[in-house]
Amino acid sequence: YIVKYSTDVFRNSLFCQVYKPPLAQSGRKDLRLDMEKLMSTNLNDVERDILRLRLGLDDGRVKPIKEVGRRFKISWKQVRSVEKAALLKLMMSEEISDFVDSYHNS
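Residues numbered from 1 in each chain as written. Predicted model: local features only at pLDDT ≥ 70, side-chain atom pairs only at ≥ 80, totals over all residues. Heavy atoms only, no water.

Across the chain, the average pLDDT comes to 78, with 66% of residues at or above 70. Ranking the elements of the chain by mean pLDDT puts helix α1 (residues 2–18) last, at 58, and helix α4 (residues 65–72) first, at 96. (pLDDT = per-residue confidence, 0-100. Helix = DSSP H or I, 4+ residues; strand = E, 2+ residues; numbered from the N terminus.)

What follows deals with helix α5 (residues 76–92). Given a rise of 1.5 Å per residue, 17 residues ought to cover 24 Å, and the 24 Å separating the end C-alpha atoms of α5 matches this to within 8%. Those residues of α5 not exposed but buried are Val79, Glu83, Lys84, Ala86, Leu87 and Leu90. Down the axis of α5, the buried side of the element spans an arc of 165°, and every buried residue falls inside it. Along α5, exposed side chains directed more than 90 degrees from the buried face belong to Lys77 and Met92. (Expected span 1.5 Å × (residues − 1). Buried < 20%, exposed > 50% of the residue type's maximum accessible area, 1.4 Å probe, protein only. Arc of directions from axis to C-beta.)

Glancing now at the packing of α4 against α5. Two elements in contact, α4 and α5, have axes separated by 8 Å at closest approach and are oriented at 100°. Accordingly, the angle class assigned to the pair α4 and α5 is roughly perpendicular. Packed against α4, whose contacting residues are Ile65, Lys66, Val68 and Gly69, the element α5 presents Trp76, Val79 and Arg80 at the interface. The class makeup of the residues in the contact of α4 with α5 is four nonpolar, one polar and two charged. (Axes fitted to C-alpha atoms, helices over the stretch in contact; angles between N-to-C directions. Parallel < 35°, antiparallel > 145°, perpendicular 65-115°, else oblique. Contact = heavy atoms within 4.5 Å. Nonpolar A, V, L, I, M, F, W, Y, C, P; charged D, E, K, R; others polar.)

If you trace the backbone, Arg52 turns up in helix α3 (residues 45–55). A relative accessible area of 16% places Arg52 in the buried class. In terms of polar contacts, Arg52 uses its side chain to reach the side chain of Glu36, at 2.8 Å. At 2.7 Å, the side chain of Arg52 forms a polar contact with the side chain of Asp49. (Polar contact = N/O pair within 3.5 Å; in protein donor to acceptor, adjacent residues only side chain to side chain.)

Written as structure tokens, this is what we have:
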């Protein structure tokens with residue numbers, strides 16, 4: 001239960017930071033670039049791709065879990081599992097405190 005709650009809070013926090021209006025602000029672009037860097041150093045390709053789709057990092061459109069599952073030819077439960085594991089990896093990474101500190105007050 002604690003892990004589920006923690007990853008949900010973390011995911012929502014990332015989502016809120018990425019989609020703070022106005023989207024066109026250069027700070028949001030920096031956030032997306034920093035998020036990509038954080039993901040590329042801590043996640044494998046599948047985990048990165050699933051998070052990009054679920055958070056809407058590519059095109060600004062958050063993809064439903066079933067749509068992501070269809071793209072990867074896996075069940076929505078497997079998508080959820082990969083997403084949670086990826087979020088846990090990010091939460092446990094050494095770089096996360098710097099990442100969170102740099103955007104917490106922006």
